[in-house]
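Structural characterization, general
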Amino acid sequence: MTDDQLQVLVVEDDLGDVALVESAFAEHRIASRLHHVADGGEALAFLRRQPPYGDVPRPDLILLDLNMPRVDGRQALAEIKADGDLRSIPTIVFTTSAADDDVIRSYGSHANAYVTKPIDLDEYDRVVVKIRNFYGHTAALPRRTSDEPTT
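The structure contained in this document is the topic of the report that follows. Here the structure is a predicted model, which means the values were calculated and not measured.

**Some points on the overall build of the protein chain**
Within the protein chain, the secondary structure is distributed over five helices and five strands. Secondary structure elements of the protein chain occur, N-terminal to C-terminal, as β-α-β-α-β-α-β-α-β-α. Expected size for 151 residues packed as a compact globule is a radius of gyration near 15 Å; at 14 Å, the protein chain falls within 12% of this value. Seen through its principal axes, the protein chain has C-alpha atoms that stretch 40 × 35 × 25 Å. Looking at the protein chain residue by residue over its 151 residues, the buried ones come to 50%. Long-range contacts, defined here as pairs at least 24 residues apart, represent 68% of the contacts in the protein chain between residues at least 6 apart. A total of about 7800 Å² of accessible surface is found on the protein chain, and carbon and sulfur atoms cover 49% of it.

Quick look at the structure:
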């Protein structure tokens, strides 16, 4: 990643989980910009830069919960990966579900990874940092175009 900040879209309806992700990033001084939306419908509007998200940056990474109101993560993942403009964004299903059906369905919809949220707070922190480090340092990500906002 050549940009100084990884743009991460957190799609999560549980504000406690959002706070845990934010805390892990802050505690480890991870150079990233977190954006949060509460469901799959908002995620799709954000990704497509529909109102009120007209000036948002294209995320480098999506952390996607499955169980949300309105448009759940399963529906959002299917739409993201079916969209030629969005499918290259690495999308990590980050959820409490460890159900085989959810894992199989997520990979069938082309999730880049499936991570079950740990119950232990220290392990939760470590998992978030590992995800960010892999996608921020180890993996090569598609480059943003020069006309895309980065803040």
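**Some remarks on the side chain of S106**
Relative to the elements of secondary structure, S106 occurs in helix 4 (residues 100–108). Accessibility expressed as a relative area gives 4% for S106, which makes it buried. If we ignore the near neighbours within four places in the chain, the residues touching S106 are L66, L77, V93, A111 and Y114.

**Things to note about the environment of D120**
Looking at the secondary structure, you find D120 in the loop between strand 5 (113–116) and helix 5 (121–138). Judged by relative accessible area, which is 44%, D120 ranks as partly exposed. Reaching out from D120, the side chain makes a polar contact with the backbone nitrogen of E123 at a distance of 2.8 Å.

**Quick word on the packing of helix 2 (residues 40–47) against helix 3 (residues 73–82)**
Direction vectors running N to C along helix 2 and helix 3 enclose 25 degrees, while the axes themselves pass 8 Å from each other. In terms of their interaxial angle, helix 2 and helix 3 are classed as roughly parallel. Two packed elements cross with a definite hand, and for helix 2 against helix 3 that hand is right-handed. Residues G40, L44 and L47 of helix 2 form the contact with helix 3, whose participating residues are A76, E79 and I80.

**Considerations on unusual backbone geometry**
With an omega of 5 degrees, the peptide bond running from P51 to P52 counts as cis. Located in the positive-phi region is H110, a residue other than glycine, with phi close to 75 degrees. Mapping H110 onto the fold places it in the loop between helix 4 and strand 5. On the accessibility criterion, H110 (55% relative accessible area) is exposed.

**A word on the packing of helix 1 (residues 15–27) against helix 5**
Think of two packed helices as two axes; the pair is described by the angle between the axes and how far apart they sit. Between helix 1 and helix 5, whose axes approach to 9 Å, the crossing angle comes to 65 degrees. As far as their axial angle goes, helix 5 and helix 1 are roughly perpendicular. Considering only the axes of helix 1 and helix 5, their crossing is right-handed. Of the residues in helix 5, those touching helix 1 at D17, L20, V21, A24, F25 and E27 are L121, Y124, D125, V128, V129 and R132. Among the residues forming the contact of helix 1 with helix 5, the class breakdown is eight nonpolar, no polar and four charged.

Each value, and the rule that gives it
Residues numbered from 1 in each chain as written. Predicted model: local features only at pLDDT ≥ 70, side-chain atom pairs only at ≥ 80, totals over all residues. Heavy atoms only, no water. Helix = DSSP H or I, 4+ residues; strand = E, 2+ residues; numbered from the N terminus. Rg over C-alpha atoms; globule rule 2.2 N^0.38 Å. Buried < 20%, exposed > 50% of the residue type's maximum accessible area, 1.4 Å probe, protein only. Contact = heavy atoms within 4.5 Å. Areas by Shrake-Rupley, 256 points an atom, 1.4 Å probe, with all protein chains shown as cover. Polar contact = N/O pair within 3.5 Å; in protein donor to acceptor, adjacent residues only side chain to side chain. Axes fitted to C-alpha atoms, helices over the stretch in contact; angles between N-to-C directions. Parallel < 35°, antiparallel > 145°, perpendicular 65-115°, else oblique. Left-handed = near helix turned anticlockwise from the far one by under 90°. Nonpolar A, V, L, I, M, F, W, Y, C, P; charged D, E, K, R; others polar.

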